[in-house]
Amino acid sequence: MEINIAPSAREETIAAASYYEEEVAGLGKAFMEALRIGFRRIQKYPTASTLIRGEYRRHLLDRFPFGVIYRIDHDVITVAAIMHLRRKPDYWRHR
């Protein structure tokens, strides 16, 4: 399945990776690798993640307090947010 990432989700990814890299050298790269692994799992098992609101699902990343918020549209996975789990939970709903 193809993955489309919303521009706002891309911005969240860049911000999180930059933050982690500033905190500890290499941690930003580790975050990006955890995200890549998460995307591969979502592609392989798109319906395995928890439904959280309507048709949106949340896949939790390993090691980092983030979830990938996505929905399945036929044969395309659309990522709406790369959500920090300690942030206001529904901030992404307007997307």
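Here, every reference points to the structure presented above.
Right, let's walk through the structure included here. Values in this document were obtained by computation on a predicted structure and should not be read as measured data. (Residues numbered from 1 in each chain as written. Predicted model: local features only at pLDDT ≥ 70, side-chain atom pairs only at ≥ 80, totals over all residues. Heavy atoms only, no water.)

### Some remarks on the side chain of T13
Logical step 1: Looking at the secondary structure, you find T13 in helix α1 (residues 7-23).
Logical step 2: Of note is the side chain of T13, whose polar atom sits 2.9 Å from the backbone oxygen of A9.
Logical step 3: When sequence neighbours within four positions are dropped, the list of residues in contact with T13 reads F31, M32, L35 and I82. (Helix = DSSP H or I, 4+ residues; strand = E, 2+ residues; numbered from the N terminus. Polar contact = N/O pair within 3.5 Å; in protein donor to acceptor, adjacent residues only side chain to side chain. Contact = heavy atoms within 4.5 Å.)

### Some points on the packing of α1 against helix α2 (residues 27-44)
Logical step 1: Running from N to C, α1 and α2 cross one another at 140 degrees; their axes reach a closest spacing of 6 Å. When the axes of α1 and α2 are compared, the pair comes out oblique. Here T13, A16, A17, Y20 and E21 of α1 come into contact with α2, specifically with L27, G28, K29, F31, M32 and L35.
Logical step 2: For the contact of α1 with α2, a count of residues per class yields 7 nonpolar, 2 polar and 2 charged. (Axes fitted to C-alpha atoms, helices over the stretch in contact; angles between N-to-C directions. Parallel < 35°, antiparallel > 145°, perpendicular 65-115°, else oblique. Nonpolar A, V, L, I, M, F, W, Y, C, P; charged D, E, K, R; others polar.)

Function cannot be read off these values alone, since they describe shape.
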